[in-house]
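Given next are the chains, with one letter for each unit.
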Amino acid sequence: MQEKSEKQGGPSRLMDIVSNILVVDDNRNNLELLSDILKLEGYYVRTAESGEVALQEVAQERPDLMLLDIMMPGIDGYEVCDTLKRRTETQDIPIILVSAKGSIEDTIKGLSHGADDYIRKPYNEMELIARVKAALKMKHLLDEVRHTNRMLSNQKEQIDTIINTMGEGLFSVNQDMEIVFFNSAAEEITGHNFREAIGKKCMQIFDCPDAGECCSPGPDFVPLRDQKVVQEYLLTRKDGRRIPIRKSTRFIFSSDDEVIGRVEVFEDISREKELEQKKADFISMVIHDLKNPLTTIKICDKIVLNETRRSIDADLTRLLQNIEASADHLLNLVNDLLDISKLEAGTMEFNRQRIDMNDIMEISINTQRMISLTKEIEIEKEFAAERYPIHGDKDYLLRVMINLIGNAIKFTPKGGKIRVTAKDMARLKPVDPSTAELEVAPSVLRISISDNGTGIPEEDLPTIFEKYRRVRGTTDIEGAGLGLYIAKVIIEGHGGRIWVANNSDHGSTFTILLPALPE
Ligand code: ADP
């Protein structure tokens, strides 16, 4: 009954197979009695009348359980036990010794020969059946554990093979950031071998000075279960060589949601970076080559326009003016793209000297004056005629100011108003943490360009300084979305900050902070 319910509960598929029991006794009557009892219980029973026959039977077919008499002529029960327990292929067969030898010493001796249980003759039939069942249950459970272990170790073998043949480096760390696993590719990429890496702190092996919080995220960082953090940085290998790598991190959580470690997969992206560089060089070469013919078109157009202004009709003049405007536009675009490729290659250099921002602002306003007049836009200056000396690159700062004033004109309707203001602020109090480092400057110049135009949709404000960003709905207005990106790089390259906010009524205000020089 008990066995049936176990089958229904289905804890073990192996229990469903009829168990095979070998009964060994030199006394035929005992043998038959035992065999009958077990057969009645539904077992498949085989018998052997001596130790020798028992060993032959086992060799023919492994039983699930043996009931073994001790005192037999020839090979006795102890010797059968010893022989079977010595051989790997038979050592797992459970053996119950059934003997008239009834002292505690006999029991101990039997067990010391490797028997699993001991039943004294004359036995109680119920007890015998209960012991047989218990021994079989134990055997089936052990078989299952062994089977599961084999499966797990096969799976582990497979996973180890995959992990050690994958091209990406893989390592894992515990909550103390100590490395607990390090695969072959990780050894190859870092130059450190498994033994050197295990137990070390992540940052001891991943010497990435530019990686910021790579190995130890800041106190405010809250990792999420499915979060994958991808970073690129330069890794210093054991041999001192620096290589670019891309690393993705996943966090390991305990059942109560605590981070207990991380798995890091990383790859050497030197080749990718090399190709990127080649592509960038090629693009920059093409852009550069565009510049000369464009400048030629522009100059020739101007000459033709000047030479023939009086002799040609208005339509032709307009056409020539269009050519000039288009060449200007293309030239601006080419210059922007050239700057970006310089920026990305890290070759943009600022020719910094003592300059006066007052001049820069005046020149920028004058440059844009004609366009503002055609749109009947008034440009109001709110800065004193005093000097605003800074240490900067005149040409690049002019580009920033011209771009900001030009944008203000572009995105302000006819009849609008633009205000350019400047203030020299002695030792700014850090209103915003991003301006804190400007405090080291003896004084800070604050310039703002404000318009009462379209303004910038709130959702676009955080990304407006990114490359190729343009606000939806403004794409019919000329532009490539590069000006603000370049402006930000130039201002930050001068140790300054630039940001934008919408005005409470209409339009937006771009603000620049620049470290100023003493007068
Ligand atoms: P471009 O003007 O060449 O497209 P920018 O990087 O200078 O590139 O500007 C990016 C986008 O930001 C513009 O296309 C426009 O959508 C928005 N923008 C910039 N300045 C203003 C402004 N003063 N008012 C409204 N929108 C602006």
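Calculation rules
- Residues numbered from 1 in each chain as written.
- Predicted model: local features only at pLDDT ≥ 70, side-chain atom pairs only at ≥ 80, totals over all residues.
- Heavy atoms only, no water.
- Core = buried A, V, L, I, M, F, W, Y, C linked by side-chain atoms within 4.5 Å.
- Buried < 20%, exposed > 50% of the residue type's maximum accessible area, 1.4 Å probe, protein only.
- Helix = DSSP H or I, 4+ residues; strand = E, 2+ residues; numbered from the N terminus.
- Axes fitted to C-alpha atoms, helices over the stretch in contact; angles between N-to-C directions.
- Parallel < 35°, antiparallel > 145°, perpendicular 65-115°, else oblique.
- Left-handed = near helix turned anticlockwise from the far one by under 90°.
- Contact = heavy atoms within 4.5 Å.
- Nonpolar A, V, L, I, M, F, W, Y, C, P; charged D, E, K, R; others polar.
- Phe/Tyr/Trp six-rings, centres within 6.5 Å; stacked < 30°, edge-to-face > 60°.
- 1 Å grid on protein atoms, 1.4 Å probe; cavity = no way out; pocket = protein on both sides within 12 Å on 5 of 7 lines; lining within 4 Å.
- Points joined across faces, edges and corners; volume = space filled by probe spheres on them.
- Domains from an automatic or database assignment.
- pLDDT = per-residue confidence, 0-100.

1. Section: the nonpolar core
Right, so step 1: M357, L397, M401, V420, I447, I449 and I512 are the most contacted members of the largest nonpolar core, which has 46 residues in total.
Right, so step 2: Secondary structure elements with two or more residues in this core: α11 (314-345), α12 (357-374), α13 (394-410), β14 (417-426), β15 (443-451), α14 (483-493), β16 (497-502) and β17 (508-516).
Right, so step 3: Considering every element that reaches this core, the biggest residue donor is α13, with nine residues.
Right, so step 4: L22, A54, I75 and L84 belong to the second-largest nonpolar core, a separate cluster that totals 20 residues.

2. Quick word on the packing of α12 against α13
Right, so step 1: Across the interface, α12 lies against α13 with an axial gap of 9 Å and an inter-helix angle of 40 degrees. Taken as axis vectors, α12 and α13 run oblique relative to one another. The two elements α12 and α13 cross, and the hand of that crossing is right-handed. Each of M357, I360, M361, I363, S364, I365, T367, Q368, I371 and S372 in α12 lies in contact with α13, whose residues at this interface are K394, L397, L398, M401, I402, I405, G406 and I409.
Right, so step 2: When the residues that make up the contact of α12 with α13 are grouped by side-chain class, the tally is twelve nonpolar, five polar and one charged.

3. A word on the packing of aromatic side chains
Right, so step 1: Overall, the coordinates contain four aromatic pairs when judged by the stated rule.
Right, so step 2: Note on F350 and Y396: the rings are 5.4 Å apart at their centroids and 90 degrees apart in plane angle, and the pair reads as edge-to-face. With F350 in the loop between α11 and β11 (353-356) and Y396 in helix α13, this residue pair connects regions lying 46 residues apart in the sequence.
Right, so step 3: On the basis of relative accessibility, which here comes to 24%, the residue F350 falls in the partly exposed class.
Right, so step 4: By way of ring pairs, the aromatic residues F171, F182 and F266 are connected into one cluster.

4. A short note on the side chain of D64
Right, so step 1: Tracing the backbone shows D64 in the loop between α3 (51-60) and β3 (65-69).
Right, so step 2: A relative accessible area of 16% means that D64 is categorised as buried.
Right, so step 3: Setting aside its immediate chain neighbours within four residues, D64 contacts V18, S19, N20, P94, L136 and K139.

5. Some remarks on the layout of surface pockets
Right, so step 1: Within this model, the largest pocket holds a volume of roughly 1,500 Å³.
Right, so step 2: Along its surface, the largest pocket is lined by 49 residues, and N332, N403, G406, N407 and K410 are the ones closest to its centre.
Right, so step 3: With twelve residues, the top contributor of residues to the lining of the largest pocket is α13.
Right, so step 4: Here the residues of the lining of the largest pocket are counted per class, giving 22 nonpolar, 15 polar and twelve charged.
Right, so step 5: Here the lining of the largest pocket spans two domains, since at least three of its residues come from each of domain 3 (274-345) and domain 4 (353-516).
Right, so step 6: A volume near 330 Å³ is recorded for the second largest pocket.
Right, so step 7: Taken together, twelve residues line the second largest pocket, and the ones lying closest to its centre are A280, I340, S341, E344 and K467.
Right, so step 8: Counting only elements with at least two residues in the lining of the second largest pocket, the list comes to α10 (270-308) and α11.
Right, so step 9: Tallied by class, residues from the lining of the second largest pocket come to seven nonpolar, two polar and three charged.

6. Here's the deal with the confidence of the model for the chain
Right, so step 1: This prediction gives the chain a mean pLDDT of 84; 87% of its residues lie at or above 70.
Right, so step 2: Counted against residues more than four places away or in other chains, residues 1-15, with its pLDDT under 50, gives 16 contacts.

7. Notes on unusual backbone geometry
Both trends apply: most residues other than glycine have a negative phi, and most peptide bonds are in trans.
Right, so step 1: Cis geometry marks the peptide bond from K121 to P122, where omega comes out at -5 degrees.
Right, so step 2: Secondary-structure assignment places P122 in the loop between β5 (117-120) and α6 (125-165).
Right, so step 3: Of note, M177 is a non-glycine position whose phi angle comes to about 65 degrees, a positive value.
Right, so step 4: Owing to a relative accessible area of 14%, M177 belongs among the buried residues under this scheme.
Right, so step 5: Phi angles above zero are rare outside glycine, and D257 is one such case at about 65 degrees.
Right, so step 6: Note that D257 resides in the loop between β9 (242-253) and β10 (259-268).

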